[in-house]
Amino acid sequence: MSDNKTILSRRNVLRATGAATVGMLAGCGGGDDGTEPIELLHAWSEGDGNAAIAALIEGFQEEYPDVEFAEEPVNGAARSNLDQVMQNRLQSNDPPSTFQTWPGKTLEKFSEAYADIEGDVWNDDLKENYRSGPQAQAQYDGTYVAVPINIHRINNLFYNTSVVNEAGVDPTTWESPSDVVDGCATIAENTDAVPFAHQTSGAWSTSQLWETVLLAVAGPDGYDDYINGEGAESDVRTALENVVELSEYFPDNSSSISFTEANTMVQEGNAAFIHQGDWAAGAYSANDEFNYGEDWNHVPYPGTSGSYLLNMDSFPYLDNNPSPEATKDFLSYCGTTDAQIRFNREKGSIPPREDADVSQLNQFQQDQFDDFTSADAQPPSIQHGLAVVPAVQTNVGEAFSSFIESYDADATTTDLMNAFN
C-alpha cells in the first residue's frame, strides 16, 4: 500500500464522516522484511479502552517487531461513526486490516466482507481454550471470522455496602427481581440514599436492565427462545412490569444524568444499587478510597445466578485484506493469554480464554473469571448486538426509547414481540 493511497483513503473517509477521524498507518511502506503494515480502526478514543488497545499493540509489537502498526481511533459518536466509516471503506473497496466490533449477530452488518480464519487463526489451541459462549460468537453462519479479545458481564448488581448495611438489607440472599424492588423500598424507607442509580437520558441502560430481568424471569432457555423470535409474551411482559416497579426508585433526575453520573452516586454513598456491565467496576477500581469487598460489592442480578450474560469486543478478518499475513498474525496474537491479560487488565473485563492466568488481574476480575468459567449458561446480550441481528436490535432500541417516556409495559411488550417481524 503506497503513501498516496493511504492519504487518499483518509481524505475520502473524512469527507464521508464529517468530524470523524480515522486511524491510518504511519509509514505505509511496510516493515523491514517487506511485511505489509496493519491498519486497525476502533472507537476507543479515551479512558480504559484507549489504555487497553495501547497495551495490546505494545505486546503485539514485542512479538512482531518487523510489522508496522499505528492507530488512531474513529472519533465522534463512537461505534455509530465507526460503522459508517466501515461502510464507506467497504463500498469503496478499501477495507482496513481489521476493526473493533461486537461479535455474534452484529457480524451480519458486514457479512459479505469477512473471510474464514479457521486453521490459520482458529486452531486447536483456541478451540480448546475458548469457552463455548465466546467461541460461538466468533462465528458467522458457522464460519470462524473473528477473535474475541475480552468478555464483559451484563448481569451485575453493584452496591454500596454502607448504604445497604444502614438499611439492613442483604443482597446476597435475594433470589428474584422482585427482591430487588422490595430491597429498594427498604432503602427508601430507612436511608436518605437513592435506592437504584439508573440513567434514562439514553435508552440503552433500560434495555440492558430489561434483558437481565428477562433472563431471570424466563431462565436461559426462555431467554434463548426470545432471541430466536419465539419468546413467551408473558415473560416479556413480566420483565417489563418489574422494570416499571423498579423505576419508582430511580433518581428524580434520571432523564438528565449519564451512566457515569449514576455510577458516581454509588461511589459517593448517595445511591445503594446500580445495574451495569462490569465496566462500572472499572471506575470503582480507579478510586483508591472505594475498595472492593469493603466499600462496594456485587451479586449476579437476583434470579440469574449461574448465567454469565455476555458482551464482547472482537477483531474480525476481512476479505480483500490489505495486509493478510500480518493481520492473521495480529488476530492470532489477540487469541493468546498474553494479549488478553494485557488488554483486560486495563479494560476491566476478563479474558475469553479459560486458561488465562488471571492472578495478574484485580480481585474483582478474578471473581468474575471464576463465575465465567463455572457458568452453566453464557447467553449473549441483546442490547450489545450479540444476540440479535442489527435490524432486530434497532427495533428493540426504538421500543425502549418509547418505554422510558411512558413506562407502558403493554405497549412495549407488543413492540418487543414484533421486533423480529
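The coordinates are above.
Basis of the calculations
Along each chain, the written sequence defines residue order, and numbers are assigned to residues from 1. With the structure being a predicted model, the display of local features is reserved for residues of pLDDT at least 70 and the display and counting of side-chain atom pairs for 80 or more, all residues being used for whole-chain, interface and lining totals. As a convention, hydrogens and water are excluded, and side-chain values are obtained from all of the structure's heavy atoms. We count a salt bridge whenever a side-chain nitrogen from Lys or Arg sits within 4 Å of a carboxyl oxygen from Asp or Glu. Each residue's exposure class comes from its accessible area (1.4 Å probe, protein chains only) as a fraction of the maximum for that residue type: buried when under 20%, exposed when over 50%, partly exposed otherwise. Helix numbers and strand numbers start at the N terminus; a helix is a DSSP run of H or I with at least 4 residues, a strand a run of E with at least 2. Here, residues are in contact when the closest pair of their heavy atoms is within 4.5 Å. Two joining distances apply to patches: 9 Å for like charges and 5 Å for nonpolar side chains (Val, Leu, Ile, Met, Phe, Trp, Tyr), and every residue must have over 30% relative accessible area and no salt bridge. Per-residue and other accessible areas follow the Shrake-Rupley method at a 1.4 Å probe size, with only the shown protein chains counted as cover for residues. Charge convention: Lys and Arg are scored as positive, Asp and Glu as negative, and His as well as the terminal groups of each chain are ignored. A charge is said to be at NZ when it belongs to Lys, at CZ for Arg, at CG for Asp and at CD for Glu. Between N or O atoms, a polar contact is any pair within 3.5 Å; within protein, one atom must be a potential hydrogen donor and the other a potential acceptor, and residues adjacent in sequence are included only when both atoms are from side chains. A pair of Phe, Tyr and Trp rings is counted when the ring centres sit within 6.5 Å of each other, with Trp represented by its six-membered ring. The angle between the planes then sorts it: under 30 degrees is stacked, over 60 is edge-to-face, the rest tilted. Here, over-ring charges are defined by two tests on the NZ atom of lysine or the CZ atom of arginine: distance to the ring centre within 6 Å, and angle to the ring normal within 35 degrees. A cavity here means a set of 1 Å grid points, computed over protein atoms only, where a 1.4 Å probe fits but cannot escape. A pocket is an open set with protein on both sides within 12 Å along at least 5 of 7 lines, and lining residues have an atom within 4 Å of a point. Grid points are joined across faces, edges and corners, and a volume is the space filled by probe spheres set on the points. Residues were grouped as follows: Ala, Val, Leu, Ile, Met, Phe, Trp, Tyr, Cys and Pro as nonpolar; Asp, Glu, Lys and Arg as charged; and all remaining residues, including Gly, as polar. The axes are straight lines fitted to the C-alpha atoms, using for helices just the contacting stretch, and the angles between their N-to-C directions are given from 0 to 180°. Roughly parallel covers angles under 35 degrees, roughly antiparallel covers those over 145, roughly perpendicular covers 65 to 115, and oblique covers all other angles. Take the far helix as your reference; a near helix turned counterclockwise from it by less than a right angle gives a left-handed crossing, and one turned clockwise gives a right-handed crossing.

Q: How would you sum up the pattern of salt bridges? Please name residues and give values.
A: The final tally for this structure, using the stated rule, is 13 salt bridges. The closest approach of N and O atoms between arginine 89 and aspartate 94, which form a salt bridge, is 3.1 Å. Under the relative-accessibility criterion, aspartate 94 is labelled buried at 9%. One connected set of salt bridges, linked through shared partners, spans Glu39, Arg89 and Asp94.

Q: I'd like to hear about the environment of leucine 309, residue by residue, with values.
A: Counting through the fold element by element, leucine 309 comes out in the loop between strand E11 (296-300) and strand E12 (310-311). Note on leucine 309: relative accessible area 0%, which makes it buried. A C-alpha to C-alpha distance of 9.6 Å links leucine 309 and isoleucine 382, two positions 73 residues apart in sequence. In contact with leucine 309, not counting residues within four places along its chain, are His152, Arg153, Ile154, Asn155, Glu211, Thr212, Leu215, Tyr223, Pro379, Pro380 and Ser381.

Q: Break down a negative patch on the surface for me, with residues and values.
A: Taken together, the side chains of Asp182, Glu241, Glu245 and Glu248 define an acidic patch exposed on the protein surface. Relative to the elements of secondary structure, aspartate 182 occurs in helix H7 (residues 177-190).

Q: A description of the side chain of asparagine 129 should follow, citing residues and the corresponding values.
A: With respect to the element layout, asparagine 129 can be found in helix H4 (residues 124-129). Within polar-contact distance, the side chain of asparagine 129 engages the backbone oxygen of aspartate 125 at 2.9 Å. Those residues in contact with asparagine 129 that lie beyond four places of it in its chain are Pro352, Arg353, Glu354 and Asp355.

Q: So what's going on with the packing of aromatic side chains? Which residues, and what values?
A: Applying the stated criterion across every chain, the model contains 30 aromatic pairs. Here the aromatic rings of tryptophan 44 and phenylalanine 315 are separated by 6.3 Å at their centres, their planes lie at 80 degrees, and the arrangement is edge-to-face. You can see tryptophan 44 sitting in the loop between strand E1 (38-41) and helix H2 (47-63) and its partner phenylalanine 315 sitting in strand E13 (residues 314-316), a full 271 residues away along the chain. With respect to burial, tryptophan 44 and phenylalanine 315 carry one shared label: buried. Between phenylalanine 315 and phenylalanine 330, the aromatic rings sit 5.5 Å apart at their centres with planes inclined by 55 degrees, giving tilted as the arrangement. Placement of phenylalanine 315 in strand E13 and of phenylalanine 330 in helix H12 (residues 324-334) is noted, with a sequence separation of 15 residues between them. The pair phenylalanine 315 / phenylalanine 330 is uniform in exposure class, with both members buried. Among the aromatic side chains, those forming a connected cluster through ring pairs are Trp44, Phe60, Tyr64, Phe69, Phe315, Phe330, Tyr333 and Phe343. Above the face of the phenylalanine 372 ring, arginine 131 is positioned so that its terminal group lies 6.0 Å from the ring centre.

Q: Describe the layout of surface pockets, naming the residues involved and giving the relevant values.
A: Taken as a whole, the second largest pocket holds about 250 Å³ of empty space. Taken together, Trp204, Phe259, Thr260, Asn263, Thr264, Gln267, Trp279, Ala283, Gln383 and His384 make up the full set of residues lining the second largest pocket. Within the residue set of the lining of the second largest pocket, elements represented by two or more residues are helix H10 (259-267) and helix H11 (279-285). Of the residues belonging to the lining of the second largest pocket, the class tally is four nonpolar, six polar and no charged.

Q: Can you lay out the packing of helix H8 (residues 204-227) against helix H9 (residues 233-247) for me, pointing to particular residues and giving the numbers?
A: In the contact formed by H8 and H9, the axes pass within 9 Å of each other and the chain directions differ by 150 degrees. It follows from the interaxial angle that H8 and H9 lie roughly antiparallel. Seen from above, H8 lies across H9 with right-handed handedness. Between H8 and H9, the residues in contact are Thr206, Leu209, Trp210, Val213, Leu214, Val217, Ala218 and Tyr226 and Asp235, Val236, Thr238, Ala239, Leu240, Asn242, Val243 and Leu246, respectively. A per-class count over the contact of H8 with H9 returns twelve nonpolar, three polar and one charged.

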